[in-house]
Amino acid sequence: MSLHPQAVAYRAARAAAGTPPLYTQTLAEARAADLAAIRAGSGVVEPVHEVRDTHVPGPAGDVPVRIHRPAGPGPLPTLLWFFGGGWTLGSVDTADGICRRLANAVPCQVVTVGYRLAPEAPFPAAVHDCHAALRFVAAHPAQFGADPERLAVGGDSAGGNLAAAVTLLARDTGPRLAAQLLVYPNTDQTAEPAGDDDPLLFNRRSVAWYRSHYLADPADARDPLASPLLADHLGGLPPALVVTAEHDPLRDEGERYADRLRDAGVPTTRTRYAGMVHGFFAMPGTFDDGRRAQDEAAAFLRERFGLTEPAVAAPAGTVTGDV
């Protein structure tokens, strides 16, 4: 399928504005531009019963976290969310819209982890920060009002990569997870990205730019914590929802990961959003399918957390299946 009309309009608006690719900017410029673009595309900011910033201990000092908590008595099922941005951009602020929406829609508590960024802190710093945050929440449920039997991890893009990596660590060292939510995740740092070099969209040059910051040693690309698709086995991991976009250079590796999860016996739902581009999930104010994908994610988490709301069907035009 060709680009969705909303993706065509998004691309045209970027062309008219003369928006430069992030990979042509300084890190400071790219970080500010990334936050501004996500805020512009995220739509109306949803109110949440409680939003609180705090920190948890990490392997190299305190790790900031932002807690989004819906109304209702605790302890609550809890999603730890790892933001996207190529391990180089992003913060708890860039994830705020997603986390507010999921907190209300599931409903569940969402804890966004402000892991260290590359190139200042290259691989595997972000993985270990995220795993440390998960372990701390699981070990101190009363402090967070969390139900330790209903914990999940999720993230978009690089955050999806981190969520997949954290599930590998959690399988071996704990805690037990109820679900993993992977939104257009990077899963293979050795793979050649698909697509072209369209400078108005996330493209192959974008992927290479982020990798160059994250992987100080190119040999790290073969480490399963950087490339979960290369793990020897994926058995014993939590049930997964893997969301991909048709016109995304990361689409194929995300779908291959879903296939490997299925082959390992992990209950997995894979949904490809037709005509969509990388980043759509974070921009429901720009892409209707961004809101639909967030609804699908919320329905998946409701089911995995044992809540009673019925699942939301994937929208027409998507390729989906329990695999």
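Details of the structure are given in the entry above.
On a predicted model such as this, the values are computed, not experimentally measured, just so you know. (Residues numbered from 1 in each chain as written. Predicted model: local features only at pLDDT ≥ 70, side-chain atom pairs only at ≥ 80, totals over all residues. Heavy atoms only, no water.)

Participant: Help me understand the overall build of the protein, please; the structure alone is not making it clear to me.
Facilitator: Of regular secondary structure, the protein possesses nine helices and nine strands. Relative to its length of 323 residues, the protein is compact, with a C-alpha radius of gyration of 18 Å against a globular reference of 20 Å. Taking the principal axes of the C-alpha coordinates as reference, the protein spans close to 50 × 40 × 40 Å. Counting every position in the protein, which comprises 323 residues, the buried fraction comes to 57%. Of the contacts formed within the protein by residues at least 6 apart in sequence, a portion of 76% connects residues at least 24 apart. Total accessible area on the protein is roughly 12,400 Å²; 53% of this is exposed by carbon and sulfur atoms. (Helix = DSSP H or I, 4+ residues; strand = E, 2+ residues; numbered from the N terminus. Rg over C-alpha atoms; globule rule 2.2 N^0.38 Å. Buried < 20%, exposed > 50% of the residue type's maximum accessible area, 1.4 Å probe, protein only. Contact = heavy atoms within 4.5 Å. Areas by Shrake-Rupley, 256 points an atom, 1.4 Å probe, with all protein chains shown as cover.)

Participant: I would appreciate a short explanation of the pairing of strand β2 (residues 61–69) in the present structure.
Facilitator: Put simply, side chains in a regular strand alternate between the two faces of the sheet. The pairing of strand β1 (residues 50–58) with β2 spans nine bridges and is classified as antiparallel. Looking across to β2, one finds that His 55 is bridged to Pro 64. Hairpin connection between β1 and β2: a loop of two residues separates the two successive antiparallel strands. Sheet topology places β2 next to strand β4 (residues 109–113); four bridges connect them, and they run antiparallel. Pairing of Val 65 across the sheet is with Val 113, part of β4. (Pairing = 2+ DSSP bridges.)

Participant: I keep staring at the state of the cysteines and nothing clicks. Help me out?
Facilitator: Should the sulfur atoms of two cysteines be covalently bonded, the bond is a disulfide. Within this structure, the stated rule accounts for zero disulfides. Left without a disulfide partner, Cys 99 is nearest to the cysteine sulfur of Cys 108, which lies 9.2 Å away. No disulfide involves Cys 130; its sulfur sits 12 Å from the nearest other cysteine sulfur, which is in Cys 99. Classification of Cys 130 by relative accessible area gives buried; the value is 0%. (Disulfide = S-S within 2.5 Å.)

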